[in-house]
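Residue-level structural notes
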Amino acid sequence: MGPRKSRSFPIALKPARDSGENVQVLSLLRAASFHLRGPEGGRIVNWDQPHLACRLLDVSDTNLPRTQKALTELLTPAEQRQRSSLISGLTEDGTRYQLEYSLTDSEGQQIWLSETGERLSGNGQCATHIIAVIRDISDQKTQNEYIKSAPNLEPISGLMSEQAFNNIITHISNSLPKSKVIRTTFSNRQDMTAVYGHTAIEHLIRAMAKRLRGEISPKDLACHDGGDSFLIFLPGQSAEALLERSKKLAYIFDELPFETPFGTLYPDCKISIESAPAVSVSSRRDSEHLPSLSPANRTQAEITELDILLALDQNKFDLALQPICRAGSRHPEYFEALLRIRDEAGHLSTAFPFIRAAEHFGMISGLDLRAIALAKAILRKDPNIRLSVNISVGTLNAPKSFEAYLAEIESLGSDASRLVVELTETMALDNLEIANLFAAKLQSYGVKMAIDDFGAGHTSFNNLLGLEAQVIKIDGRYIRDIAASLEKQNFVRLLAEMAEVFGLISVAEMIDNEADARTVERLGVHYLQGYYLGRPAPV
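Described in the following lines is the structure provided in the data block. (Residues numbered from 1 in each chain as written. Predicted model: local features only at pLDDT ≥ 70, side-chain atom pairs only at ≥ 80, totals over all residues. Heavy atoms only, no water.)

**Some words on the overall build of the protein**
Looking only at helices and strands, the protein features 20 helices and 22 strands. Of all 539 residues assigned to the protein, the portion counted as buried reaches 48%. In the protein, once contacts between residues fewer than 6 apart in sequence are set aside, the share between residues at least 24 apart is 65%. Per element, the accessible surface of the protein, about 24900 Å² overall, is 51% carbon and sulfur. (Helix = DSSP H or I, 4+ residues; strand = E, 2+ residues; numbered from the N terminus. Buried < 20%, exposed > 50% of the residue type's maximum accessible area, 1.4 Å probe, protein only. Contact = heavy atoms within 4.5 Å. Areas by Shrake-Rupley, 256 points an atom, 1.4 Å probe, with all protein chains shown as cover.)

**A look at helix H15 (residues 399-410)**
Since one α-helical turn is 3.6 residues long, residues separated by three or four positions face the same way. With twelve residues, H15 ought to run about 16 Å at 1.5 Å a step, and its terminal C-alpha atoms sit 16 Å apart, in line with that. Looking at the packing, one finds that the buried side of H15 touches helix H13 (364-381), strand S16 (387-390), helix H14 (393-396), strand S17 (419-424) and helix H17 (432-444). (Expected span 1.5 Å × (residues − 1).)

**Points about helix H9 (residues 239-255)**
Given a rise of 1.5 Å per residue, 17 residues ought to cover 24 Å, and the 23 Å separating the end C-alpha atoms of H9 matches this to within 8%. Every buried residue of H9 is listed here: Leu-242, Ser-246, Leu-249, Ile-252 and Phe-253. Buried residues of H9 fall within an arc of 135 degrees about the axis and therefore sit on the same side. Looking at H9, the residues exposed on the side facing more than 90 degrees away from the buried face are Glu-240 and Glu-255. (Arc of directions from axis to C-beta.)

**With respect to the pattern of salt bridges**
On inspection of all chains with the given rule, the structure shows 21 salt bridges. A salt bridge links Lys-270 to Asp-268; the nearest nitrogen and oxygen atoms lie 3.6 Å apart. Relative accessible area serves as the criterion here: at 27%, Asp-268 is assigned to the partly exposed category. A salt bridge links Glu-333 to Arg-326, with the shortest nitrogen-to-oxygen separation between them at 3.3 Å. You can call Glu-333 partly exposed: its relative accessible area is 24%. A cluster of three or more residues bridged by salt bridges with shared partners is formed by Arg-330, Glu-514, Arg-518 and Glu-521. (Salt bridge = Lys/Arg side-chain N within 4 Å of Asp/Glu carboxyl O.)

**Overview of the side chain of His-129**
Structurally, His-129 is set in strand S6 (residues 126-136). Judged by relative accessible area, His-129 falls into the buried class, the value being 17%. Among the polar contacts listed, one links the side chain of His-129 to the side chain of His-35, at a separation of 2.9 Å. Here His-129 is in contact with His-35, Leu-36, Arg-37, Glu-118, Arg-119, Leu-120 and Ser-121, once residues within four sequence places are set aside. (Polar contact = N/O pair within 3.5 Å; in protein donor to acceptor, adjacent residues only side chain to side chain.)

**As for the packing of aromatic side chains**
In this structure the tally under the stated criterion is seven aromatic pairs. Each ring, one from Phe-34 and one from Trp-47, has its centre 4.9 Å from the other, and the planes form 55 degrees; the classification is tilted. Within this pair, whereas Phe-34 is found in strand S2 (residues 31-37), its partner Trp-47 is found in strand S3 (residues 44-47), the two being separated by 13 residues in sequence. Owing to a relative accessible area of 0%, Phe-34 belongs among the buried residues under this scheme. Among the residues examined, Trp-47 registers a relative accessible area of 5% and is labelled buried. On the basis of an interplanar angle of 75 degrees and a centroid distance of 6.1 Å, the ring pair of Tyr-334 and Tyr-527 is categorised as edge-to-face. (Phe/Tyr/Trp six-rings, centres within 6.5 Å; stacked < 30°, edge-to-face > 60°.)

**Considerations on the environment of Gln-110**
Mapped onto the elements, Gln-110 comes out in strand S5 (residues 110-123). Judged by relative accessible area, Gln-110 falls into the partly exposed class, the value being 46%.

**A word on the nonpolar core**
Membership of the largest hydrophobic core comes to 82 residues, with the highest contact counts inside it found for Ile-308, Leu-419, Val-421 and Phe-438. Among residues more than four places away in sequence, those in contact with Val-421 are Val-389, Ile-391, Tyr-405, Ile-409, Phe-438, Leu-442, Val-447, Lys-448, Met-449 and Ala-450. (Core = buried A, V, L, I, M, F, W, Y, C linked by side-chain atoms within 4.5 Å.)

**What to know about the environment of Thr-62**
You can see Thr-62 is positioned in the loop between helix H2 (50-57) and helix H3 (68-72). A sequence separation of 419 residues divides Thr-62 from Asp-481, and the C-alpha atoms of the two residues are 8.9 Å apart. Here the side chain of Thr-62 touches Ser-60 through a polar contact of 2.9 Å, side chain to side chain.

**What to know about the side chain of Thr-193**
In this structure, Thr-193 sits in helix H7 (residues 189-196). From its side chain, Thr-193 meets the backbone oxygen of Arg-189 in a polar contact 2.8 Å long. Sequence-distant contacts of Thr-193, that is, excluding residues within four places in its chain, are made with His-198 and Ile-201.

**Digging into the sheet that holds strand S12 (residues 269-275)**
Ordered in space as S8-S9-S7-S12, the four strands form an open sheet in which the pairing is antiparallel. Edge strands, defined here as strands with exactly one partner in the open sheet, are strand S8 (221-224) and S12. Between one strand and the next, the sheet's axes are offset by a mean angle of 20 degrees, whatever the strand orientation. Relative to strand S9 (residues 229-234), S8 runs antiparallel, the two sharing four bridges. Paired with His-224 across the strands is Phe-230, a residue of S9. In the packing of helix H8 (residues 198-213) onto the sheet, the strands contacted are strand S7 (180-186), S8, S9 and S12, and the crossing angle to S9 comes to about 15 degrees. (Pairing = 2+ DSSP bridges. Axes fitted to C-alpha atoms, helices over the stretch in contact; angles between N-to-C directions.)

**Let's talk about the pairing of strand S20 (residues 505-508)**
Walk down a regular strand and you will see the side chains alternate between the two sheet faces. Where strand S19 (residues 471-474) lies against S20, four bridges are found, and the strand directions are parallel. Residue pairing for S20: Val-471 is matched across the bridge by Ile-505. This β-α-β element, S19 to helix H19 (residues 486-501) to S20, shows right-handed connectivity. As defined by bridge partners, S20 adjoins strand S21 (residues 527-528) across two bridges and the pair is classed as parallel. By the bridge assignment for S21, Val-507 is matched with Tyr-527. For the crossover from S20 across helix H20 (residues 514-522) to S21, the handedness is right-handed. (Right-handed = clockwise from strand over helix to strand, strands pointing away.)

Everything listed here is a matter of geometry and, on its own, says nothing about what the molecule does.
Written out as structure tokens, the structure is:
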């Protein structure tokens, strides 16, 4: 998109120092605003809120670009040329430019940014004062990647597509040849469409899909065929169990009405049980050239539902433990159990792409349950170890998965007191009621709940009052290079003092050097975690 003339400018692009509300808006949008001043070739970058820019670009305050040249050097040569051309095209006051580019953060993850700017003044056709904002659009890019790369989801219901569903059960049913599929057919859809219209039926299908998710276990699979049917795959179920599940599905679909913006709707649903197809996995892999499971070389967009199911079925997932050390003594007090995946050579690598893909496909509960099961085995084997594990909001929001996760913890008995469960701050606050219900359940078993990435954008005294947690883990972006940043030091000191006031344990993540470790200890944080103190290692 090239330069264009504008009479007004969005509030997010006005100087953030003019309004505290603007700073809050920029923070929530994961954005940072700045001014470019001076002639072409010598423009200076003045950041309105440097701490927001540091967090967005994932750099320390000392490495924050202060000139247009330094900012441009973060881009690829092609992106540099595009940006230079767009800014050179700002020949009149009020003209704008917009471009997108990607960076790689300190953890090797790709960040997508959108930059939009407007010329405020200039010397002839050369702009001498430009105001601009950069915003993190990684989530939108990831979502668009999935939509373009593979039609794995049926758009109306949000369940997997029939094609993806059939591909998966074809492979699984090879080892479970007697597996069955329950089909629920919406038999009066055509009549209801004639009365209520297509939009009402879309609302109804979404409501039916939501109700279905609440009734299936983490091991089951469900899809919508894009038309009249929902299909549920129940591997390894007996005939009696299938019959009971069919009766339950008939009840929730046929007997219980659905509330929609168009009124209360009563679909007429018919239930049938069908055999799942079975073919040779090896021949299918040869004929379709399916890729082998190579986690180290797979991006998130390349991972399919089948990859995740095979990794779970073949026990490819394992845990790596990273020490969390007491401030001062630096002695490891407990360990964060991080999910890893094993390749064909037996090497462990990060499971992050699989975790993100599983969240996208609605399959994260399977990974969460595997992680807690692996952690449970470690706790039982070593009576002296204490562990921390992560859980996704997707597991908390799925009733069957929620119950299954709590059952795993309950089965630990007294060993549960050596466990901490981590939920990110954003997830906890966006799902406050269920997060606090989960925290209460954990406390009844003697388990602590930790709020991970604390300070990532929602932090306030009110939020601390609203969360029933015992541990806060301060977002590592405020810890990295803290020794060189007074702003970070002041912010972390405030969080540490807040933790003391509320009787919480505080943990600083991403400690990468001695200077940062000493600074954090001086600020009153209780525990330290980071590569400087110990990298994640296999059990």
